[in-house]
Amino acid sequence: MSKWKESMKEWGGGDLTFLSSDGEVIMFVVCDDPILLEGKFKGNVQERIGCPVVTDEGFVLFITGKRVARKLSKFEDRFSDTAFMIVRHGESGDINAKYDVSVLDDKPKTAQLFDIKKKEYKPALLKQAIEDAKEVMKG
């Protein structure tokens, strides 16, 4: 049972992540500029922000709303040496969910994430993730 990650990459969408349930957390370092994505959700056109990040599992395009991306952008001057944590507060499907965006106060974890970024992140990964995101968001 060690083929989940490889299978998801092969099948597509394995390089995307969302926070969709209450209490869900993502810890990451930012690795590139944000991407504006347009798609449909429940029949309505909406804009989302693709945040290129590196987590414990490597590179992912974290897809979130503009409010969360704006909160994260306030830390832009710290992207080169700081890891972050975002926590969702709100049940699945709740359009009024709240998100806490904070600096991850864990030096070993931060060092680990920057090490993964250095070893694994390549701009070609972002290009593929953007294509995958557009496909997923067609609705």
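Everything here concerns the structure above.
Okay, so let's go over this structure. Residue positions are counted from 1 within each chain, in the order its sequence is given. Confidence filtering applies because this is a predicted model: local features only for residues at pLDDT of at least 70, side-chain atom pairs given and counted only at 80 or more, and all residues used for totals across whole chains, interfaces and linings. The side-chain figures draw on all heavy atoms in the structure; neither hydrogens nor water molecules are used.

Attention shifts here to the pattern of salt bridges. Here, a salt bridge means any Lys or Arg side-chain nitrogen found within 4 Å of an Asp or Glu carboxyl oxygen. Counted by the stated rule, this structure contains three salt bridges. Close ionic contact of glutamate 47 with lysine 66 constitutes a salt bridge, the shortest N to O distance being 2.4 Å. Of this pair, glutamate 47 sits in strand E4 (residues 44–55) while lysine 66 sits in helix H2 (residues 66–73), and the two are 19 residues apart along the sequence. Note on exposure labels: buried denotes an accessible area under 20% of the residue type's maximum, exposed denotes more than 50%, and partly exposed covers the range between, all computed with a 1.4 Å probe on protein chains only. Here lysine 66 falls in the partly exposed class, since its relative accessible area comes to 35%. In this structure, aspartate 56 and lysine 109 form a salt bridge, with 2.9 Å as the shortest nitrogen-oxygen distance. With aspartate 56 in the loop between E4 and strand E5 (58–64) and lysine 109 in helix H3 (residues 107–120), this pair connects stretches of sequence that are 53 residues apart. Classification of lysine 109 as buried rests on a relative accessible area of 17%. Secondary structure elements are defined from DSSP: runs of H or I of at least 4 residues count as helices, runs of E of at least 2 residues count as strands, and each element is numbered from the N terminus.

Let us now look at the packing of aromatic side chains. The aromatic pairing rule takes the rings of Phe, Tyr and Trp, using the six-membered ring of Trp, and pairs them if the centres are within 6.5 Å, calling planes under 30 degrees apart stacked, those over 60 edge-to-face and the rest tilted. One pass over the full model with this rule turns up five aromatic pairs. For the pair phenylalanine 28 and phenylalanine 62, a centre-to-centre distance of 6.3 Å together with 40° between the ring planes defines the contact as tilted. Of the two residues, phenylalanine 28 is situated in strand E2 (residues 25–30) and phenylalanine 62 in strand E5; the sequence distance between them amounts to 34 residues. According to the relative accessible area criterion, phenylalanine 62 is buried, its value standing at 1%. For the pair phenylalanine 75 and phenylalanine 84, a centre-to-centre distance of 5.4 Å together with 50° between the ring planes defines the contact as tilted. In this structure phenylalanine 84 comes out as buried when scored by relative accessible area, which is 0%. Taken together through their ring pairs, the aromatic side chains of Phe28, Phe62, Phe75, Phe79 and Phe84 make up a single cluster.

Right, let's get into a positive patch on the surface. Like-charged residues within 9 Å of one another, or nonpolar side chains (Val, Leu, Ile, Met, Phe, Trp, Tyr) within 5 Å, are grouped into patches, provided each residue has over 30% relative accessible area and no salt bridge. Working definition of accessibility: Shrake-Rupley area with a 1.4 Å probe, residue cover restricted to the visible protein chains. Working convention for charge: Lys and Arg count positive, Asp and Glu count negative, and His plus the chain ends are omitted. The atoms used to mark charge sites are NZ of Lys, CZ of Arg, CG of Asp and CD of Glu. Together, Arg67, Arg70, Lys71, Lys74 and Lys98 give the surface a local cluster of positive charge. By residue number, the principal contributor to the positive patch is H2, which donates three residues. You can see arginine 70 is positioned in helix H2.

Its place among the elements puts valine 25 in strand E2. A residue is classified by how much of its surface remains accessible, and valine 25, at 40% relative accessible area, is partly exposed. For the pair valine 25 and arginine 88, spaced 63 residues apart in sequence, the C-alpha separation works out to 6.6 Å. Contacts are assigned to residue pairs with any non-hydrogen atoms lying within 4.5 Å of each other. In contact with valine 25, other than residues within four places in its own chain, are Leu19, Met85, Ile86 and Val87.

On to a negative patch on the surface, then. A surface patch of negative charge is lined by Asp33, Glu76, Asp77 and Asp81. The residue glutamate 76 is located in the loop between H2 and strand E6 (84–89) in this model. Since its relative accessible area comes to 53%, glutamate 76 is described here as exposed.

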